[in-house]
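The residues making up each chain are set out below.
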Amino acid sequence: ESEGRKYLTPCVDIELQRTLRELSFKGLKLCIFTNGPRAYGLRVLETLGLRRYFHDRHIFGVDSIRPYCKPEAEAFLEVIKRMGTTPERAVMFEDSVKNIRACKKLGMHTVLITGNDPTGEPAMRAYKTKGGDAPIVDDPSVDIVLKTCGEIRKKMPFLFRREFIE
């Protein structure tokens, strides 16, 4: 068992499952982009039980976007190009403020995911692995703050109307 996998458990958030299913049915293209290898992203989605919500062509790893990686603008632009959209029509959900800032500079809408306990010991351990990139909820590049993706329906109803700006 890998170090990271021991922290993953299947997603039992029924609201998140319902939200992802409905957004897919509304025609929104859901995408995953990890700075890990694509195989890692696939394993995480499988372990969480969320794989079925993401088309195979919409799962990107750093090895899919070479020679670029987050937070380089070229990496995000390549994903956007492959998704067949524009930055202005994209919403980026991230736990990394440096990635949020890069996406905002490109014109993307940004959502910061803080986690339920962003100052707790597990969160602090995770931030250390990301160079201390802890969430800054009042950063000007952050459009919306969610504790978890299960809050999408409540805090972002405009997505279900296919509108990206309230």
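Since this is a predicted model, take the numbers as computed values, not measurements.

Draft legend 1. Focus on the pairing of strand E3 (residues 91-94). Burial along E3 is one-sided: Met-92 and Glu-94 are buried, and none of Val-91 and Phe-93, which face the opposite way, are. The pairing of E3 with strand E4 (residues 109-113) spans 4 bridges and is classified as parallel. Looking at the pairing, Met-92 lines up with Thr-110 of E4. The parallel pair E3 and E4, bridged by helix H4 (residues 97-106), forms a crossover whose chirality is right-handed.

Draft legend 2. The sheet that holds strand E5 (residues 144-146), seen in detail. The strand order across the open sheet built from 3 strands is E3-E4-E5, with neighbouring strands paired in parallel fashion. This sheet does not close on itself; its edge strands, each paired only once, are E3 and E5. Across this sheet, the average inter-strand angle for adjacent strands is 25°, counted without regard to direction. Sitting on the sheet, H4 is in contact with E3 and E4, with an inclination near 170° to E4.

Draft legend 3. How the structure looks around the nonpolar core. Judged by nonpolar contacts, the single largest core of 21 residues is most densely connected at Leu-23, Leu-50, Leu-146, Ile-152, Met-156 and Leu-159. Secondary structure elements with two or more residues in this core: helix H1 (14-25), helix H2 (38-48), E4 and E5. In contact with Ile-152, not counting residues within four places along its chain, are Thr-19, Leu-23, Phe-93, Leu-146, Pro-157, Leu-159 and Phe-160. Phe-60, Ala-90, Met-92 and Ala-102 belong to the second largest nonpolar core, which has 14 residues in total.

Criteria and thresholds
Residues numbered from 1 in each chain as written. Predicted model: local features only at pLDDT ≥ 70, side-chain atom pairs only at ≥ 80, totals over all residues. Heavy atoms only, no water. Buried < 20%, exposed > 50% of the residue type's maximum accessible area, 1.4 Å probe, protein only. Helix = DSSP H or I, 4+ residues; strand = E, 2+ residues; numbered from the N terminus. Pairing = 2+ DSSP bridges. Right-handed = clockwise from strand over helix to strand, strands pointing away. Axes fitted to C-alpha atoms, helices over the stretch in contact; angles between N-to-C directions. Contact = heavy atoms within 4.5 Å. Core = buried A, V, L, I, M, F, W, Y, C linked by side-chain atoms within 4.5 Å.

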